[in-house]
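The chain contents come next:
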Amino acid sequence: MAKILVTGAAGFIGSHTTDLLIAGGHTVLGVDNLRTGRRSNLERALRSPSFRLTEADVSEPGVMAALVSEFRPGAVIHLAALVSVQESISDPALNQRLNVTATQFVADAAAAQGTKRIVFASSAAIYGDTTDLPIAEESAAQPISPYGEAKLASEQLLLARSEAAGFTVRCHRYFNVFGPRQDPASPYSGVISIFDRRYRDGKPVTIFGDGRQTRDFISVHDVARANVVAATVPNITTGTANICTGQATSLLDIVSVFAAYYPKVAGPRFAPARAGDIIHSLGRPDRARSELNFEAKVSVADALGELIRSG
Ligand SMILES: NC(=O)c1ccc[n+]([C@@H]2O[C@H](COP(=O)([O-])OP(=O)(O)OC[C@H]3O[C@@H](n4cnc5c(N)ncnc54)[C@H](O)[C@@H]3O)[C@@H](O)[C@H]2O)c1
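Rules of the game
Residues numbered from 1 in each chain as written. Predicted model: local features only at pLDDT ≥ 70, side-chain atom pairs only at ≥ 80, totals over all residues. Heavy atoms only, no water. Helix = DSSP H or I, 4+ residues; strand = E, 2+ residues; numbered from the N terminus. Buried < 20%, exposed > 50% of the residue type's maximum accessible area, 1.4 Å probe, protein only. Contact = heavy atoms within 4.5 Å. Areas by Shrake-Rupley, 256 points an atom, 1.4 Å probe, with all protein chains shown as cover. Polar contact = N/O pair within 3.5 Å; in protein donor to acceptor, adjacent residues only side chain to side chain. Salt bridge = Lys/Arg side-chain N within 4 Å of Asp/Glu carboxyl O. Pairing = 2+ DSSP bridges. Axes fitted to C-alpha atoms, helices over the stretch in contact; angles between N-to-C directions.

**Topic: the overall build of the protein**
Right, on to step 1. Counting secondary structure elements, the protein contains 10 helices and 13 strands.
Right, on to step 2. Considering the protein as a whole, with its 311 residues, one finds that 53% of them fall into the buried category.
Right, on to step 3. In the protein, once contacts between residues fewer than 6 apart in sequence are set aside, the share between residues at least 24 apart is 80%.
Right, on to step 4. Summed over its atoms, the accessible surface of the protein is roughly 13,700 Å², and 51% of this surface lies on carbon and sulfur atoms.

**Regarding helix α10 (residues 300–309)**
Right, on to step 1. Of all the residues in α10, the buried ones are V300, A303, L304, G305, L307 and I308.
Right, on to step 2. Tucked inside the fold, the buried residues of α10 contact β7 (176–178), α6 (191–200), β10 (217–219), β12 (249–250) and α8 (251–261).

**A few points about the side chain of R170**
Right, on to step 1. Structurally, R170 is set in strand β6 (residues 168–174).
Right, on to step 2. Residue R170 is classed as buried on the basis of its relative accessible area of 0%.
Right, on to step 3. At 2.8 Å, the side chain of R170 forms a polar contact with the side chain of E291.
Right, on to step 4. Setting aside residues up to four positions removed in sequence, R170 forms contacts with I118, V119, F120, A230, I236, T237, T238, G239, T240, A241, E291 and L292.

**Concerning the pattern of salt bridges**
Right, on to step 1. For the structure on display, the rule yields 16 salt bridges.
Right, on to step 2. With its nearest N and O atoms 3.8 Å apart, the salt bridge here joins E137 to R287. Placement of the pair is E137 in the loop between β5 (117–123) and α5 (146–165) and R287 in helix α9 (residues 286–292), with a sequence separation of 150 residues.
Right, on to step 3. The buried category is assigned to E137, whose relative accessible area is 10%.

**A closer look at the sheet that holds β5**
Right, on to step 1. If you trace the seven strands from one edge of the open sheet to the other, you get β3-β2-β1-β4-β5-β6-β11, paired in parallel fashion. Every interior strand has two partners, whereas the edge strands, β3 (51–55) and β11 (239–243), have only one. Across the sheet, the mean angle from the axis of one strand to that of its neighbour is 20°, orientation sign disregarded.
Right, on to step 2. As paired strands, strand β1 (residues 3–7) and strand β2 (residues 27–32) are joined by five bridges and run parallel to one another. Bridge pairing in β2 places T7 opposite V31.
Right, on to step 3. Along the sheet face, helix α1 (residues 12–23) touches β1, β2, β3, β4 (75–78) and β6 and points at about 170° away from the line of β1.
Right, on to step 4. Contacts between α5 and the sheet are confined to β5, β6 and β11, with β5 contributing the most and set at about 160° to the helix.

**Overview of the environment of V228**
Right, on to step 1. Within the secondary structure, V228 sits in helix α7 (residues 220–232).
Right, on to step 2. A C-alpha to C-alpha distance of 11 Å links V228 and R170, two positions 58 residues apart in sequence.
Right, on to step 3. Apart from the residues lying within four places of it in its own chain, the contact partners of V228 are T17, L20, L21 and V233.

**A look at unusual backbone geometry**
Right, on to step 1. The amide bond that connects L133 to the next residue, P134, takes the cis arrangement and shows omega of -10°.
Right, on to step 2. Looking at the secondary structure, you find P134 in the loop between β5 and α5.
Right, on to step 3. Phi at L34 is positive, roughly 60°, even though this residue is not glycine.
Right, on to step 4. Among the structural elements, L34 can be located in the loop between β2 and β3.
Right, on to step 5. Under the relative-accessibility criterion, L34 is labelled partly exposed at 25%.
Right, on to step 6. The residue N235 is not glycine, and still its phi comes out positive at about 60°.
Right, on to step 7. Tracing the chain through its elements places N235 in the loop between α7 and β11.
Right, on to step 8. Judged by its relative accessible area of 79%, N235 is exposed.

**Regarding the environment of P61**
Right, on to step 1. Examined against the element boundaries, P61 turns out to sit in the loop between β3 and α2 (63–71).
Right, on to step 2. The exposure class of P61 is exposed, given its relative accessible area of 62%.
Right, on to step 3. Remark: the alpha-carbon pair of P61 and T101, spanning 40 residues in sequence, is separated by 9.1 Å.

Nothing here speaks to function; it is geometry throughout.
Written out as structure tokens, the structure reads:
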């Protein structure tokens, strides 16, 4: 069993990753400054003797160095980030600090202490608004936001350091992740969490555009499993892979599942498409299959059902 340090552990993806690591018998040190994460996401983990949470900012000099030197993890799963594309545009300096400098500190600390692996939360945002679908990793990286630029810069710095530092790096380009604990509070949060909140409140959802726009929605349980595989399975080599399903789901498909659970809630309202919104996004999952033996298993319908029935 391994010791794994998870940054951003109190977040949406971080808390599910932590739960899965603990269930697999691993020992986890979580670090989070609770900027967008919540301690309540870790309610179950905090009851386990195999888990400890440190409240700290990984973009502060010395924080990662001290934690890695004390805990000596076999792997770091680096999920902590400024996650809002909108905020990366309004505050590019903060984006640089939280999404690039923090990664630099993770790499420095791992190199100094001989950590063997780093799993990094990258994003499909690095592909920008390409219309060449499905998107394979060979597609040109053309980010259209400071957030996407920072994810690409972080990937590059980790990959460039890996050989000399002696660690294996896995960069996971997540597509649209959804599931329980995703925060619906921000208007830029995942659309499914926003729809979920509206239906729970008995209010109709608003669809921008005709609802035929599609995304590659992937369950957070599959994403957590991809993180655990990349951090713990032996004989994995350095590389970058999409973490996606390869299945396109439209907003109308999503709404029809909610409508079946909430027959009394009025149908969706339609508003003009928002400038800059991508119409279709779809990933090619083949590389994760060949390099990590990872394949998404949870169907969108099942994952939506779980979300709708969850607390
Ligand atoms: N949710 C998605 O669809 C999606 C898609 C692509 C990539 N990602 C990436 O996955 C990772 C996790 O995202 P999420 O959706 O779980 O978001 P989240 O906001 O729930 O999780 C991020 C966590 O990092 C913490 N954090 C932020 N800055 C920190 C810092 N400087 N020090 C310590 N902790 C800090 C936050 O408090 C939060 O708990 C992020 O790197 C995000 O960019 C998410």
